[in-house]
Number of protein chains: 2
Amino acid sequence: MSDFASRLIQGTRSLGPLCVGIDPHPGRIPDLFGGDTPEGLAAWGEAIVASAAGRVAVVKPQVGLFERHGPDGMRALQRVCDASQEAGLLVIADAKRGDIGTTAKGYAAAYLSRNAPFRSDAVTVNPYMGLDTLEPFLDLAEETGKGVVVLARTSNPGSADFQARDLEGAPLYARVVEALAPAIDRLKGAEGWSSLMLVAGATGPDEARHLRSLAPQALFLVPGYGAQGGGASDALAGFTRIGNRLEGGTVNASRSVTFPSGSDTAATKADWRQLIEAAIDDAQADLSRHAGNTAVTSG
Amino acid sequence: MSDFASRLIQGTRSLGPLCVGIDPHPGRIPDLFGGDTPEGLAAWGEAIVASAAGRVAVVKPQVGLFERHGPDGMRALQRVCDASQEAGLLVIADAKRGDIGTTAKGYAAAYLSRNAPFRSDAVTVNPYMGLDTLEPFLDLAEETGKGVVVLARTSNPGSADFQARDLEGAPLYARVVEALAPAIDRLKGAEGWSSLMLVAGATGPDEARHLRSLAPQALFLVPGYGAQGGGASDALAGFTRIGNRLEGGTVNASRSVTFPSGSDTAATKADWRQLIEAAIDDAQADLSRHAGNTAVTSG
């Protein structure tokens, strides 16, 4: 069994750095799939997965947008995770969980255990409560070859409120990354990258490079490509040059590839699928060109 | 419709400050209820609710310990929330959620909307991502008369890693509380207390009083009473003296009142119930005595 980091790096080498965010926003699920109902979320999510398979290495379902539908919404999430695993996609469950030890064990079991109900390769977690609250995730990730994605620098405006402020001489997010050094080392995998991944929503290339200098071996999950704003070269600014390629993580796009222009009024599922696949291909090609990923751009 | 803070304060005035934490730890659910299965969690949780009703004002289900069972575990959580509402208990869903705006709206809808699948009076949230990520919770709480419980100072050892460190001249947790001042004011209710509640797991009485001085009108959710360690007077150190009573929030006990000694080997549900109710009564009486809550201690 390979480690999460190696699976992700191998996947992005062969397909490119794009991660497809599966974010079922209220009012956006086409009627073709049943609209904004638990069944609609599941059917739409499975269709996104079918379109993403073979085009990207990673998908990232946004748990909160499933949870709003209660247990049935979580059942839809489960179907999307299952479909992704069966399609050979890596799943990062974007849950942003975090709690004291015994409860953190519960969340870790939900996403990272061998028989996890929400079959994921990694889960996003929040570091505010401290390192001991991350331990249950790290322990299980180590045991099952999965990954833990820690929020360091998020891309929302409010991330300046605390993350960017000075904590004893460095920004809080940098202190978080520093404190994670032993965990990054502990989850280092066969390819040299760590299955301790960081959410690295840099405000610009300088901050991205600073984050990379603090954690040379941590994979980055980069939000904010596509609808949220930044372009491909900004998104890849924290990646590492290896030969003539940039690598070191995955770049998420959600709305721009799952709700592209015209997709909400597509007359048939075939028309819809064509729009989704074109949007994914475009985003992947754009990122791959900037990353120098010839396997993709020569296609 | 009254506001959450007023409902909580009125409830604790008449019954005492205890909150019963409903934390279905793996391996702890008695076979009497079906053991560690979704049905066991729901039946056990409903039985805890039946015992808590009339003895405490507030219960706090720990979402992560339900979520580990996947969608069926979340169905069990739903049943526990429903039973609590029907029994007239206030529900604080201990979910510790937090995400960017559109996703935060999803979580807020799951716990705080009028038709929330997990019928709660308040939900715990994590401030790391910044104030904009709390807005959707505040908006919905204001609209529906519910509450938002923000992690400020948690009681686990790792809370020292970031929360207690110096952020531009004050501990991070104090900066979080400061930044919440407008939200605390915005959610101030009829009784003068705010429905913006803080998790206030002080390391000792001095820190508790410091937290209170920073946020005189915020309700406190105090963890760490009972199995986690602190005694009644420590737990109440951040409460405010009003006449001869202390008020200002609720004090949580979980294991000490839901898994009291002997309850795991009780032969019948009646025996089990007697042990649970005695443990709840003891904890409530201990806290009420220290709080000067005569309505309770004179009983």
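Residues numbered from 1 in each chain as written. Chains lettered and ligands numbered in written order. Predicted model: local features only at pLDDT ≥ 70, side-chain atom pairs only at ≥ 80, totals over all residues. Heavy atoms only, no water.

- If you look chain A up in an unreviewed UniProt entry, it shows as Orotidine 5'-phosphate decarboxylase from Hyphomonas beringensis.

1. Things to note about the overall build of chain A
No. 1: Check the secondary structure of chain A and you find 13 helices and twelve strands.
No. 2: For chain A, whose C-alpha radius of gyration is 18 Å, the value lies close to the compact-globule estimate of 19 Å for 299 residues.
No. 3: In terms of principal-axis extent, the alpha carbons of chain A reach across some 55 × 45 × 40 Å.
No. 4: Here chain A, with 299 residues, has 61% of them falling under the buried criterion.
No. 5: Partitioning the intrachain contacts of chain A with sequence separation of at least 6 by distance along the chain shows that 73% fall at a separation of at least 24.
No. 6: If you sum the accessible surface of chain A, you get close to 9,800 Å²; carbon and sulfur atoms cover 49% of it. (Helix = DSSP H or I, 4+ residues; strand = E, 2+ residues; numbered from the N terminus. Rg over C-alpha atoms; globule rule 2.2 N^0.38 Å. Buried < 20%, exposed > 50% of the residue type's maximum accessible area, 1.4 Å probe, protein only. Contact = heavy atoms within 4.5 Å. Areas by Shrake-Rupley, 256 points an atom, 1.4 Å probe, with all protein chains shown as cover.)

2. Describing helix α2 (residues 38-52) of chain A
Residue and element names in this part refer to chain A.
No. 1: The end-to-end C-alpha separation of α2 is 21 Å, in line with the 21 Å expected for 15 residues at 1.5 Å each.
No. 2: Taken across its 15 residues, α2 has eleven buried, putting it largely inside the fold.
No. 3: For α2, the complete set of buried residues consists of Gly40, Leu41, Ala42, Ala43, Trp44, Gly45, Ala47, Ile48, Val49, Ser51 and Ala52.
No. 4: Elements that come into contact with the buried residues of α2 comprise β1 (18-22), β2 (58-61), α3 (63-67), α4 (70-86), α11 (255-258) and α12 (269-291).
No. 5: Positive backbone phi, at 85°, marks Gly54, one or two positions downstream of α2. (Expected span 1.5 Å × (residues − 1).)

3. What about the interface of chain B and chain A?
No. 1: Contact with chain B, which involves 59 residues of that partner, is made by 59 residues of chain A.
No. 2: In total, about 4,900 Å² of surface goes out of reach between chain B and chain A, with carbon and sulfur atoms giving 58% of it.
No. 3: Together, Pro71(B), Tyr128(B) and Phe162(B) form the three largest contributors to the area buried by chain B at its contact with chain A, with a combined 18%.
No. 4: Counting the contacts that link chain B with chain A gives eight salt bridges.
No. 5: Close ionic contact of Lys96(A) with Asp99(B) constitutes a salt bridge, the shortest N to O distance being 3.0 Å.
No. 6: The interface formed by chain B and chain A contains 33 residue pairs in polar contact (both at pLDDT 80 or more). (Buried area = accessible area lost by both parts, 1.4 Å probe. Salt bridge = Lys/Arg side-chain N within 4 Å of Asp/Glu carboxyl O. Polar contact = N/O pair within 3.5 Å; in protein donor to acceptor, adjacent residues only side chain to side chain.)

4. Examining the side chain of Thr12(B)
Residues and elements named next belong to chain B.
No. 1: Of note, Thr12 is situated in helix α1 (residues 4-15).
No. 2: Residue classification places Thr12 among the buried positions, given a relative accessible area of 7%.
No. 3: Of the polar contacts made by the side chain of Thr12, one reaches the backbone oxygen of Ile9; its length is 3.1 Å.
No. 4: Those residues in contact with Thr12, other than ones at most four positions away along the chain, are Pro17, Ala57, Gly249 and Asn293.

5. Quick notes on the relation of the copies chain B and chain A
No. 1: For the pair chain B and chain A, the superposition axis carries a translation of 0.0 Å, the fit reaches an RMSD of 0.0 Å, and the rotation angle comes to 180°. As the rotation angle and translation indicate, the two copies are arranged about a two-fold axis. Across chain B, the smallest distance between a C-alpha and the rotation axis is recorded for Leu167(B), namely 2.2 Å.
No. 2: Mapped onto chain A, 100% of the interface residues of chain B are again interface residues, and the two copies thus contact each other with one and the same surface. (Least-squares fit on C-alpha atoms with pLDDT ≥ 70 in both.)

6. Thoughts on the packing of helix α2 (residues 38-52) of chain B against helix α12 (residues 269-291) of chain B
Residue and element names in this part refer to chain B.
No. 1: Remark: α2 packs on α12, axes separated minimally by 9 Å, with the N-to-C direction vectors making an angle of 50°. The angle between the axes of α2 and α12 places the two elements in the oblique class. Judged by the twist between their axes, the crossing of α2 over α12 is right-handed. Contacts between α2 and α12 involve Trp44, Ala47, Ile48, Ala50, Ser51 and Ala52 from the first element and Trp272, Arg273, Ile276, Glu277 and Ile280 from the second.
No. 2: The class makeup of the residues in the contact of α2 with α12 is eight nonpolar, one polar and two charged. (Axes fitted to C-alpha atoms, helices over the stretch in contact; angles between N-to-C directions. Parallel < 35°, antiparallel > 145°, perpendicular 65-115°, else oblique. Left-handed = near helix turned anticlockwise from the far one by under 90°. Nonpolar A, V, L, I, M, F, W, Y, C, P; charged D, E, K, R; others polar.)

7. Quick look at the UniProt feature "active site" (unreviewed entry) in chain A
No. 1: With numbering matched to this structure, UniProt assigns "active site" (unreviewed entry) to Lys96(A).
No. 2: Considering the arrangement of structural elements, one finds Lys96(A) in strand β3 (residues 90-97).
No. 3: Look at Lys96(A) and you get buried, because its relative accessible area is 7%.
No. 4: Beyond its immediate chain neighbours, meaning those up to four positions away, Lys96(A) contacts Gln62(A), Thr124(A), Val125(A), Asn126(A), Leu151(A), Lys96(B), Gly98(B), Asp99(B) and Met129(B). (UniProt positions renumbered as here; feature names shortened; annotations may be inferred.)

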